[in-house]
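Here is what each chain is made of, one letter per residue.
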Amino acid sequence: MPQIHPLAANPTSTDIWAVANTPILWICALGVFAVIFVQTYLYIKAARRAAPHIGMPTRELKESFRAGAVASIGPSLAVVLVAIALLALFGTPAVLVRIGLIGSASTETASASLAAISMGTVLGGPEYTQQVFAVAFMAMSLSGGMWMLSTLVLTPVLKRGGKKLAKANPAVMALIPAAALLGAFSMLAIAELPKSNIHAVTLMISAATMCLCLFLAKLLKARWLKEWALGFAIMVAIAAAYLMHTA
């Protein structure tokens, strides 16, 4: 475990690493990941318990777990890249806390940046002192924590509303989740189109790769290909974007 640096008590020092790797931050980071592991175990256990009651075979349950694990590979790569970029500003424990929370790296980094600007400097600037680091890190943590608090508060409310709507019209509840997912991912995709021609072409390539994988999965009756389709689409798109950028 890292030891506290002698300069850690000097708020005007620009030696950020003296406080960025203190034991208390490592403990907080490990605590966040401990909660994640416990939640994962509880969700898996609940899914296995509920599967027989909804007529879901064990084989399909395992396939859903595997598909979720594979689908998380692509987004996880983006998280890793963001984490590497943030290491120089916040240190390892703070970045681990950030990626362990629900939220958006861009939103929380913007919160930290605004906190630094309010103190008369910028993230990583010449006046980025330990005091500024502490305020920026607190702003980033509160921003990420509010996502978790909102989820905790709003989930039961939405659950009650969903049950009432399902009783009134079950068909609507079957459409709303699919429409919400389609709308969310469509907005994320559309937001990338105006940025550059490379963004637009990358989006088209990823969409074509996904369609091809799903078509081949149906044609060849290869269920595994359907599970890996998102991962293949992301990897092909990243490779294409890299080649176009370096060309």
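Up top is the structure these notes are about.
In this text, all values refer to a predicted model and were calculated from it rather than measured experimentally.

*Asks:* Sorry, what's going on with the packing of aromatic side chains here?
*Replies:* Geometry of an aromatic ring pair is reported as the spacing of the ring centres plus the angle between the planes. Under the counting rule described, the total for this entry stands at 1 aromatic pair. When the ring of F133 is compared with that of F137, the centres are 6.0 Å apart and the planes differ by 20°; the resulting orientation is stacked. In this pair, F133 and F137 are both assigned in helix α7 (residues 130-168), 4 residues apart and thus about one turn of the helix distant. The same class applies to F133 as to F137, namely buried.

*Asks:* Help me out: how do you make sense of the nonpolar core in this one?
*Replies:* Taken as a class, soluble globular proteins show a tendency for nonpolar side chains to be buried jointly. Grouped together as the largest cluster of nonpolar side chains are 19 residues, with contacts concentrated most on F90, A112, L123, Y128 and F133. The set of elements that each furnish at least two residues to this core consists of α1 (17-20), α4 (73-90), α5 (92-100), α6 (105-118) and α7. Broken down by element, the residue count for this core peaks at 5 residues, all from α7. In contact with A112, other than residues within four places in its own chain, are F90, L123, A136, A139 and M140.

*Asks:* Would you mind going over the layout of surface pockets with me for this structure?
*Replies:* Empty space among the atoms becomes apparent when a probe as large as a water molecule is rolled across them. Of the volumes computed, that of the second largest pocket is approximately 380 Å³. Around the second largest pocket, the lining is made up of 10 residues, and of these T40, Y43, F65, S72 and S76 lie nearest the centre. Listed by contribution, the elements that provide at least two residues to the lining of the second largest pocket are α2 (23-50) and α4. The biggest single contributor to the lining of the second largest pocket is α2, with 5 residues. The class makeup of the residues in the lining of the second largest pocket is 6 nonpolar, 4 polar and no charged.

Here is what the cut-offs are and how they apply
- Residues numbered from 1 in each chain as written.
- Predicted model: local features only at pLDDT ≥ 70, side-chain atom pairs only at ≥ 80, totals over all residues.
- Heavy atoms only, no water.
- Phe/Tyr/Trp six-rings, centres within 6.5 Å; stacked < 30°, edge-to-face > 60°.
- Helix = DSSP H or I, 4+ residues; strand = E, 2+ residues; numbered from the N terminus.
- Buried < 20%, exposed > 50% of the residue type's maximum accessible area, 1.4 Å probe, protein only.
- Core = buried A, V, L, I, M, F, W, Y, C linked by side-chain atoms within 4.5 Å.
- Contact = heavy atoms within 4.5 Å.
- 1 Å grid on protein atoms, 1.4 Å probe; cavity = no way out; pocket = protein on both sides within 12 Å on 5 of 7 lines; lining within 4 Å.
- Points joined across faces, edges and corners; volume = space filled by probe spheres on them.
- Nonpolar A, V, L, I, M, F, W, Y, C, P; charged D, E, K, R; others polar.

Read these as spatial facts, not as claims about activity.
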